[in-house]
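Architecture and fold: a report
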Amino acid sequence: MSEETNRQSTVEEEEFEQTETPNEGEDNNQEETATEELSEVEQLKEENAAVQDRLARLQADFDNFRRRSQKEREADLKYKAQDIVNDLIPVVDNFERALQVDVQDEATESYAEGMRMVYNQLKQALIDHGVEEIEAEGAEFDPQKHQAVMQVSEEGYESNQIIEVMQKGYQLKDRVIRPAMVKVNE
């Protein structure tokens, strides 16, 4: 009986080993699967973070584009009259020269009066659209608003003070359209 018990015992051990071996394989497979799943989860988290970062950058780029476009539109509206102002400034200059002529008779005086009225109306239209004459005579020279055509040394004036305006300058709101041409004291 002892042989039979030994045989039975050996058979049971072999069966146990056989059943144990597949379980160990399953454990290894489960561990590999779990490791793969963790690796896949980590990879998905990294991809998600990268997509979130890209989305945040795109959103910031879009916001910057929108702000830049808004500023450009505001500047276009603010300075929309610049082209027409550039065309009208020489007209104003010619009116001023024409109005400096001495009038001798009554017929010419009424004609000159009509010219003054048109000139005043043109100047008012420019003022209404934000065009201002740059103050120059007696002011301190500012290279942003004035262009020095002559430099002289005269007594009674401070250094760098504008003595005479050769040609008027104009600005549209805060942008210089044409600098004033001036004579400056040394």
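Whatever comes next refers back to the structure up there.
Everything quoted here is computed from the prediction, not taken from an experiment. (Residues numbered from 1 in each chain as written. Predicted model: local features only at pLDDT ≥ 70, side-chain atom pairs only at ≥ 80, totals over all residues. Heavy atoms only, no water.)

Some points on a nonpolar patch on the surface
- Taken together, V149, M150 and M166 make up a surface patch of nonpolar side chains, about 260 Å² in accessible area.
- By the secondary structure assignment, M166 is in strand β3 (residues 162–167). (Patch = residues over 30% accessible without salt bridge, like charges linked within 9 Å, V, L, I, M, F, W, Y side chains within 5 Å. Areas by Shrake-Rupley, 256 points an atom, 1.4 Å probe, with all protein chains shown as cover. Salt bridge = Lys/Arg side-chain N within 4 Å of Asp/Glu carboxyl O. Helix = DSSP H or I, 4+ residues; strand = E, 2+ residues; numbered from the N terminus.)

Details of the packing of aromatic side chains
- Taken as a whole, this structure holds one aromatic pair when the rule is applied.
- Between F95 and Y119, the ring centres sit 6.2 Å apart and the planes meet at 45°, which makes this aromatic pair tilted. Highlighted residues: F95 in helix α2 (residues 82–99) and Y119 in helix α3 (residues 106–128), separated in sequence by 24 residues. Accessibility classification places F95 together with Y119 in one group, the buried group.
- Residue placement shows R175 over the ring face of Y79; its charged tip is 3.7 Å from the ring centre. (Phe/Tyr/Trp six-rings, centres within 6.5 Å; stacked < 30°, edge-to-face > 60°. Buried < 20%, exposed > 50% of the residue type's maximum accessible area, 1.4 Å probe, protein only. Lys NZ or Arg CZ within 6 Å of the ring centre and 35° of its normal.)

A few points about the sheet that holds strand β5 (residues 175–178)
- Taken in spatial order, the three strands make up an open sheet running β1-β4-β5, and their pairing is antiparallel. Two strands lie at the open edges of the sheet, namely β1 (131–133) and β5, each paired on one side alone. Averaged over all pairs of adjacent strands, the angle between strand axes in this sheet comes to 35°, irrespective of strand direction.
- Across three bridges, β1 lies against strand β4 (residues 170–172) in antiparallel orientation. Note that in β4 the partner of E133 across the bridge is Y170.
- Across the face of the sheet, α2 comes into contact with β1, β4 and β5 while running at roughly 50° to β5. (Pairing = 2+ DSSP bridges. Axes fitted to C-alpha atoms, helices over the stretch in contact; angles between N-to-C directions. Contact = heavy atoms within 4.5 Å.)

Let's talk about the environment of G130
- With respect to the helices and strands, the residue G130 is situated in the loop between α3 and β1.
- Along the sequence, G130 and Q171 sit 41 residues apart, while their C-alpha atoms lie 8.1 Å from each other.

What about the packing of α2 against α3?
- Closest axis-to-axis distance for the α2/α3 pair is 10 Å, and the angle between their directions is 150°. Of the possible angle classes, the one that applies to α2 and α3 is roughly antiparallel. α3 is crossed by α2, and the crossing has left-handed handedness. Listed contacts from α3 to V85, L88, V91, V92, F95, E96, A98 and L99 of α2 are A112, M115, R116, V118, Y119, L122, K123 and L126.
- When its residues are assigned to classes, the contact of α2 with α3 shows 13 nonpolar, no polar and three charged. (Parallel < 35°, antiparallel > 145°, perpendicular 65-115°, else oblique. Left-handed = near helix turned anticlockwise from the far one by under 90°. Nonpolar A, V, L, I, M, F, W, Y, C, P; charged D, E, K, R; others polar.)

Notes on α3
- Helix length check: α3 (23 residues) gives 33 Å between terminal C-alpha atoms against 33 Å at 1.5 Å per residue, within 8%.
- Residues A112, Y119, L122, K123 and L126 constitute the buried set of α3.
- Tucked into the core, α3 has its buried residues touching α2, β1 and β4.
- Phi turns positive, to about 95°, at G130, one or two residues after α3. (Expected span 1.5 Å × (residues − 1).)

Focus: the pattern of salt bridges
- Counted by the stated rule, this structure contains ten salt bridges.
- A salt bridge links D63 to R66, with the shortest nitrogen-to-oxygen separation between them at 2.9 Å. Placement of both D63 and R66 in helix α1 (residues 2–78) is noted, with a separation of three residues, approximately one turn of the helix.
- R66 gets classed as partly exposed once you look at its relative accessible area, which sits at 45%.
- The residue R116 makes a salt bridge to E113 at a minimum N-O spacing of 3.5 Å.

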